[in-house]
Structures are given as structure tokens and as C-alpha cells.
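Reading the structure
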Amino acid sequence: MKNTKVITTQKKAETIKTDLLVYCLTENKRKKSPPECDQSIKEFVKSAFDLGDFQGKASQELLIYPDLKSKIYKLHALRILLVGMGKIDSKSEIDVLCDQLRELGGKVAKVCEKTKAQTVTISVPIVDLLGPEKTTQCLAEGLLLGDYRFTKYKKTKKKDTDYTGLKTIQFVADRSAGAIRKGAKMGSVFANAACEARDMANEPGNGWTSKEFAEFAKSLAKIYDFKFTCIEKKEMIKLGMGGILAVNQGSSIPPRMVILEYTPPKKSETILLVGKGITFDSGGISIKPAAGMEEMKYDMCGGAAVLSAMQAIGEIKPNTRVVAIVPATDNMSGSSAVRPGDIIKHFNGVTSEIVNTDAEGRMILGDALSYGIQTYKPNAVVDIATLTGAVIIGLGHHHTGLISNHKNFAKLLISAGKDTGEPIWQLPLTTDYKKQIKSDVADIKNMGGRPGGTITAAAYLSNFVGNTPWAHLDIAGTAWNYTKKAYVPKGPSGIGVRTFINLICNWKNGRIK
């Protein structure tokens, strides 16, 4: 992943030499008056306002090329960008305002790309509802997420004129320097972790396998002093992990269950994160249609989210213990592949009739959930997976689906998603849905028919969590082709990463601080 330097400075914005200097201006409550701004750009703003070109409305942009030889303005930036924030009042919803700032950051990143700016300086606006720290964090997230690009496999065609992205982002801290510095740091941690997840997802099936999952986790353990465990195939057989072993039967690459543990100095509650790590999904014998199958390299976005969140945990070092588990394999249709009608036994002894080999995610998650709960005794567990196409039919590409057995835990996740601009919508889970996955020849079956497909998939998973507070996030509609935003690129979104970081950083005995 490209490393962009994020710094703060207490210099006056107009004295800084930079490729692009950005001012974020709000619309004046007095309609006939230009937006309030720094003295150094007042004449520019007034002229643009008088011409009707810029009022500070939301999404308005105005690019200015100042005369650097002028003795009047004394500006040192090659370009000045005015961006509108619209009207902000006490009635504004904080989560909406936060996402507006991320959007603004993303749009600035697009202007940087258009102008090939390598250094950008932001004059942090005053947003009383958020304060300087949160304002800076959201802007930093938007800039870094919006500046994302994946060019690893384009190196042979790379031209000197190609834009490689921002090298330095600088926030002007002429007030509240400590808060702005902290906000810039947190924004960087959040965004870099999400971009790491995007990088993993963009890797092809032959570039990211269970081996790469294990190697990445091992590298994090070395950097952040996590405990690293990798359960290999022989141990899975001894442990009776029939779900992941069955999915892996048609593959030439062995399965791995990758585990990272972060333990804070003081005793704390434990949150278990479990992410689906299907590195390529052909559907197995119940093979998928050829059209669009190349996107099935994204079927490991849940596992990518979990490990990328651990990267951020290593940077932030929260007071809560976190365990991350990624059951990793591909799902292929080799000669030994699991067949429709086969019966398997999961780690916790539950038997399952395999109706459809393309419903493989729940099979590997069942083993990971039951093993993780039995081994680490978490206070709460959340799994994240590109699990069902049904969630796209129900929620489109705008909300992640949530199913949970615990009202309060579900609220915490919804709140964390709302705060990070990753909206979550809860679906019901009643005994009627659980009846749909009853089997005549085993305890359960891995498909409950088309009706309520997202919920019946979660009903399958509910057999492996017992009474532990649990939530399931179905990101099939949001892991890629997500709602169009300036800070979300085409392809994988990195969804879930920032939600997890927010949840864990604000965790205190099961309550948001």
C-alpha cells in the first residue's frame, strides 16, 4: 500500500509552499454576503461570489491560480481550492455531517488527481458541532480513502506522467493544535486500515490465497506483538472442523484458520471478530455462472476487514482484548469436491446436509465461530461475510445486513456503522426462519430456499454461537459496487474495517462511551 505522509503545522496557511491549498467554506446565513474566510483569500472569495460562481454551497468547488509574484496577496501555494460545505446549524445530524466531510476530502483527492498535485494543505474549518479533532479525522479519512489506487500489476506499463497519488497531506493547526494532530493521526489509522483491506481484495485469486492471509497476519503479529496462530489442515482434521475441510476438498491449496490475539495490559472484556476468507469462489460443484465470476476474488472481503481492523488495533492499542479469526480457503470443483447431498460434521458436533456447495461461507464460519467461542470465551462475537446475494435484493448496495441474537450488541454495531459512514440495517431472526434449514437426514442443511435467504444463512450460523452475544454482518452488497461516494473507489470498498475500529475503541463493558 502507498504510504502518504500526514502531518500538521502551525504555520499560517498562506505562507506554506504546496501544490494545492484548500479552504473549506460554509454558506453565509445572510444570502447577500459571501462566505466568511481568511483575510488572505477574501478578495478571491468576494469576486467569485459577486460573479455568482461560488457561494459556499455544498459540493461547490472553485480552483484558483494565484499570482505568486503579487505583493498584495503574498500567497505561496501553486493552486487554491475553495470547497463549499453548505449551511451547518445545530439541527445538523452529526453522522451526516461527518460523512459530508469525508465526501469533501474525497473530492479534494479527485482535484489533486486532476491537477497531479503531490502535496495538499488543508486549512481545517471550524465546525462547532464536531470540534477540531473529529473534523480533522473525517477530512483525513476522506482524503486518504479518496486517493486510493491499486497499481501493483500495472508496473510494466507505468509512464513517468502517470499520477501516483498524494505524497504529503498537511493540516493547518493555527488553533487547537493537539486536537487537530490527534484527529489527523486517527483519520490516517482508520483510512490506511480500510485501504489495506481494499488491497487484499484487489489481489487476484492466484495472488491471495490462504497462505497470504497467514503471512499477512504473521507480519502484523511481529510488528504489533500480537499472538499469532495458524491451524493447518492436519490439525483441522484432529479438531473435527468438517465445514472448512469440506469446502476445501476440491482445492489444491490447503485451508488455514488464521488467528490473531491482541491483549491489553489490564484485564478486559474480549471481542471476537470472525471474517469469511474464501479467496476465490467458483461455487464448487454447484458452479456459478461464468459471467461475473472474476468478481469472486472479492469473496474474502470479510477476512480482509477483520485482519485490517487488527492493523488499526495495533496502532491504537485500545483497552479491550480483541481476537480475530479468518477461516481461509478457496471453493473449487475438483475431483474430490464436496457434493450436494453430502453430510458433514462441524467442530461443535452439529451435522449438516450440503444442499448447495455454493453456500460455502456459512460452512467455514460455523467452524470458526464455534472454535473461537469455545477457545477464547468472548463477551461478544461478530462475523462479517460476503454471504448471500439475497442481501443485495433486500438492501441494494447501500446498507450492510445485520442479524443478531442480542438487542444491545446490535445497537452498538449500528451506532458504530452510522458514525463511520457504513450504514447497517437489522433484519429479524425468529424460529420460523430457523425451521427453513431443518434437514430430514442431518441436524441442519446449508440452504433454506430462496425466501429470506440472508436470514436463513444467519439462522445456520446461529447454531454455532450458543448464548454468546453475536451479530452477523452480510456485506455481499457493500463489499464492492458500494454506494457511489467520492471517497469510495470502483471495486472493493473496505467496508466493515472502520466500523470495527469504532466499535472496539468505544467499547466499555458493552456500552459506547
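Below, the structure is looked at part by part. (Residues numbered from 1 in each chain as written. Predicted model: local features only at pLDDT ≥ 70, side-chain atom pairs only at ≥ 80, totals over all residues. Heavy atoms only, no water.)

What follows covers the nonpolar core. In summary, soluble globular proteins display a tendency toward joint burial of nonpolar side chains. Counting 104 residues, the largest nonpolar core has V108, V120 and F171 as its most contacted members. The element that contributes the greatest number of residues to this core is helix α4 (residues 177-202), accounting for 13 residues. Contacts of V108, omitting those with residues within four sequence positions, involve L20, V22, L81, V83, V120, I122 and L143. Core analysis: the second largest hydrophobic core is formed by 41 residues, M236, I259, I278 and I403 among them. (Core = buried A, V, L, I, M, F, W, Y, C linked by side-chain atoms within 4.5 Å. Buried < 20%, exposed > 50% of the residue type's maximum accessible area, 1.4 Å probe, protein only. Helix = DSSP H or I, 4+ residues; strand = E, 2+ residues; numbered from the N terminus. Contact = heavy atoms within 4.5 Å.)

Okay, the pairing of strand β11 (residues 321-331) next. Along β11, 11 of the 11 residues are buried, which leaves the element largely enclosed by surrounding structure. The alternating pattern of β11 places R321, V323, I325, P327, T329 and N331 and V322, A324, V326, A328 and D330 on opposite faces, both of which are buried. The pairing of strand β8 (residues 256-262) with β11 spans seven bridges and is classified as antiparallel. What sits directly across from Y262, in β11, is V322. Pairing of strand β9 (residues 270-275) with β11 involves five bridges; the strand directions are parallel. Along β11, the bridge assignment pairs L272 with V323. Bridge count for strand β10 (residues 277-281) against β11 is three bridges, and the pairing is parallel. Looking at the pairing, I278 lines up with T329 of β11. (Pairing = 2+ DSSP bridges.)

Relative to the helices and strands, G466 resides in the loop between α13 (453-461) and β18 (470-474). For G466, a relative accessible area of 53% corresponds to the exposed category. Considering only alpha carbons, one finds G466 and N405, 61 residues apart in sequence, at a separation of 9.5 Å.

This part is about the packing of aromatic side chains. Following the criterion strictly, the structure yields nine aromatic pairs and no others. Centroid distance Y224 to F226: 5.7 Å. Interplanar angle 35°. Geometry classified as tilted. For the residue pair Y224 and F226, the accessibility class agrees, reading buried in each case. Ring geometry for Y460 versus F464: centroids 5.7 Å apart, planes at 45°, classification tilted. The class for F464 is buried, based on a relative accessible area of 3%. By way of ring pairs, the aromatic residues W208, F213 and F216 are connected into one cluster. Positioned over the ring face of Y148 is R198, at 5.3 Å from the centre of the ring. (Phe/Tyr/Trp six-rings, centres within 6.5 Å; stacked < 30°, edge-to-face > 60°. Lys NZ or Arg CZ within 6 Å of the ring centre and 35° of its normal.)

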